[in-house]
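# Structural overview
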Amino acid sequence: MNDKILVGVLISAKRMKRLREDILDRSLKLILEANRTVGTRLFFFALENVDFKTKMIQGWSILEDAWVRCSFPYPQAIYLRSTYSRGNRQLLSAFFRQLERQQTVFINYPLRMDKWEMYKCLASHPGLEQFVPLTWPIRSPEEIKELLESNPVLYLKACLSGRGKKVMRVADLNTGEYYFTRYAEGLKTGKMHWGALLQEIEAFFNQSKIIAQKEIDLLKVAGCNVDFRAELYRSDGNLPKIIGIPVRIGQPGSPITTHSVSMSLENFCAQYSLVDYDTFTKKAEEFLTETYIALESCFGESGELGIDFGLDTEGQLWFIEGNSHSAKVSLYNSYADDILLQSYQGLLAYAQYRVSVYSSIKN
Ligand SMILES: Nc1ncnc2c1ncn2[C@@H]1O[C@H](COP(=O)(O)OP(=O)(O)O)[C@@H](O)[C@H]1O
Ligand SMILES: [Mg+2]
């Protein structure tokens, strides 16, 4: 029996303001529409609507096609669609702790996944180690010089970052000079000696925890790097499902494919005859499902995950990273509403499933 579980969707203050003006973006519209068939008690709120003392939330929900503001208790399941910022991090973690204490189901992870932790997780997972590029934790940027001697091209990446903002490619030119590229508001490059590169690295990463990773020789279109961002979700206790595999083509010379052109895998295969759709999909599906389950075994169950992966010029698949809070930009750019709607229906059904499993354990 479905007793209409209470599901809260946490959104940013900016989106909350727009919602109150009845301006809804595509994802919120789709969640609402999905809920018409799934039938949870769904409400939206921002962090400032939470009263930590009374543990009540002033949220907004749809009642007979109109928005109404109501007071809700802390929900049985929460879906996070808000981004972390330095300003709200502490408050958010206090809120999450309260939710954990009352056993709220987190539909997606409360925290971002650390790139070094993901590497360790998959590299030690039988059958998946072949898909992870060799990676090193960097305790001091000085260590990078030595690594470059045996690996002339490395990707340096902050463990907790996204959208390619803290990614730098460095190459040892074997002439005593090094070449770096990064992409943030345009392509930045430089050719310099070690001392200057070290300063560049230190200034760019600003004491964030970083990893160094062997370069994947990614497939290219007109010299631009190509990679994939698969979005997966769960609808129950069975295997996760793939919503879509958008393909991203980077800017010329850019080490990242973020802020680029994206299209569905179907269109990519039709437009560039580089990849056979059926063979690739079958191989990717297996790899993605196994990776999803392995990541869950390290980080806990999740209703959705975005997985970045690449295909090298020899046809081998490579894991790049998992995203627990994917904004699904490429997916929205590349796939139609009916496909996205199905995934939100699945996600809300997953919330019901997890809540019912919890309550049967409690009783
Ligand atoms: N080892 C690598 N080899 C080649 N390209 C990489 C590698 N690691 C990352 N990239 C490129 O950089 C992009 C951003 O890296 P990623 O690890 O996904 O960090 P972010 O969290 O910033 O998205 C990837 O989508 C991919 O195009
Ligand atoms: Mg990424």
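Residues numbered from 1 in each chain as written. Chains lettered and ligands numbered in written order. Predicted model: local features only at pLDDT ≥ 70, side-chain atom pairs only at ≥ 80, totals over all residues.

### Regarding the overall build of the protein
- What the protein contains, in helices and strands, is ten helices and 20 strands.
- Against the compact-globule benchmark of 21 Å for 363 residues, the protein has a radius of gyration of 22 Å, which places it among compact chains.
- Overall size of the protein, expressed as C-alpha extent along the three principal axes, is 70 × 45 × 40 Å.
- In the protein, which comprises 363 residues, the proportion classed as buried is 37%.
- Considering only residue pairs separated by 6 or more positions, the protein has 66% of its internal contacts joining residues 24 or more positions apart. (Helix = DSSP H or I, 4+ residues; strand = E, 2+ residues; numbered from the N terminus. Rg over C-alpha atoms; globule rule 2.2 N^0.38 Å. Buried ≥ 20, exposed ≤ 12 C-beta atoms within 10 Å, placed from the backbone. Contact = placed C-beta atoms within 7 Å.)

### A few points about the site of ligand 1
- Near ligand 1, the surroundings consist of 22 residues, among which Tyr 155, Ile 216, Ile 256, Thr 257 and Glu 321 are the closest.
- Residue assignment for the shell around ligand 1 shows that the elements contributing at least two residues are strand E9 (153–158), strand E15 (224–233) and strand E20 (317–323).
- Of the residues in the shell around ligand 1, the class split is eight nonpolar, seven polar and seven charged.
- Both domains that furnish three or more residues to the shell around ligand 1 are identified here as domain 2 (115–132 + 217–350) and domain 3 (135–214). (Near = placed C-beta within 6 Å. Nonpolar A, V, L, I, M, F, W, Y, C, P; charged D, E, K, R; others polar. Domains from an automatic or database assignment.)

### Quick notes on unusual backbone geometry
- At Arg 163, a position not held by glycine, the phi torsion is positive, near 55°.
- Here Arg 163 shows up in the loop between E9 and strand E10 (167–172).
- Arg 163 gets classed as partly exposed once you count the C-beta atoms within 10 Å, which come to 13.
- For Gln 207, which is not a glycine, the phi torsion comes out positive at approximately 70°.
- Mapped onto the elements, Gln 207 comes out in the loop between helix H6 (194–205) and strand E13 (210–214).

### Looking at the environment of Gln 345
- Within the fold, Gln 345 resides in helix H10 (residues 337–362).
- Taking the C-alpha atoms as reference points, Gln 345 and Glu 33, separated by 312 residues in sequence, lie 8.6 Å from one another.
- Non-local contacts of Gln 345, meaning those with residues more than four positions away in its chain, are made with Ala 34, Thr 37 and Val 38.

### As for the sheet that holds E10
- Ordered by their spatial adjacency, six strands build an open sheet running E8-E13-E9-E10-E11-E12, and the pairing between neighbours is antiparallel. The open sheet is flanked by strand E8 (135–138) and strand E12 (187–192), the only strands paired with a single partner. When strand polarity is set aside, the average angle formed by the axes of neighbouring strands in this sheet is 20°.
- Sheet analysis places E9 next to E13, joined by five bridges and oriented antiparallel. Residue pairing in the sheet places Tyr 155 in a bridge with Gln 213 of E13.
- Taken strand by strand, helix H4 (residues 115–123) contacts E8, E9 and E13, and its axis lies near 50° from that of E13.
- The strands touched by H6 within the sheet are E9, E10, strand E11 (178–183), E12 and E13, with E11 carrying the most contacts at an inclination of about 20°. (Pairing = 2+ DSSP bridges. Axes fitted to C-alpha atoms, helices over the stretch in contact; angles between N-to-C directions.)

### Re the domain arrangement of the protein
- For the protein, the assigned domains read domain 1 (6–106), domain 2 (115–132 + 217–350) and domain 3 (135–214).
- The interface is formed by eleven residues belonging to domain 1 together with nine residues belonging to domain 2.
- Taken together, the residues that form the side of domain 1 that touches domain 2 break down as six nonpolar, three polar and two charged.

### Side note on the nonpolar core
- Of all hydrophobic cores here, the largest spans 69 residues; its most connected members are Val 7, Ile 107 and Ala 351.
- No other element matches the nine residues that H10 contributes to this core.
- Each residue touching Ile 107, except ones within four places of it in the same chain, is listed here: Ala 77, Ile 78, Tyr 79, Gly 303, Leu 347, Tyr 350 and Ala 351.
- In terms of nonpolar packing, the next biggest core, distinct from the first, is built from 16 residues, Ile 144, Ala 158, Val 170 and Leu 197 among them. (Core = buried A, V, L, I, M, F, W, Y, C linked by C-beta atoms within 7 Å.)

### What to know about the packing of helix H2 (residues 26–38) against H10
- Across the interface, H2 lies against H10 with an axial gap of 8 Å and an inter-helix angle of 60°. By the angle between their directions, the pair H2 and H10 is classed as oblique. Of the two possible hands of crossing, H2 and H10 adopt the one that is right-handed. Together, Leu 30, Ile 31, Glu 33, Ala 34, Asn 35, Thr 37 and Val 38 of H2 and Asp 337, Leu 340, Leu 341, Tyr 344, Gln 345, Leu 348 and Ala 349 of H10 make up the contact between the two elements.
- Classifying every residue of the contact of H2 with H10 gives nine nonpolar, three polar and two charged. (Parallel < 35°, antiparallel > 145°, perpendicular 65-115°, else oblique. Left-handed = near helix turned anticlockwise from the far one by under 90°.)

### Looking at the pairing of strand E4 (residues 56–63)
- The pairing of strand E3 (residues 50–51) with E4 spans two bridges and is classified as antiparallel. From the neighbouring strand, Asp 51 faces E4, where its bridge partner is Met 56.
- Here E4 runs beside strand E5 (residues 66–73); their pairing, made up of eight bridges, is antiparallel. Looking across to E5, one finds that Met 56 is bridged to Pro 73.
- Linking E4 to E5, which pair antiparallel, is a turn of two residues; within it Glu 64 sits at a positive phi near 45°.

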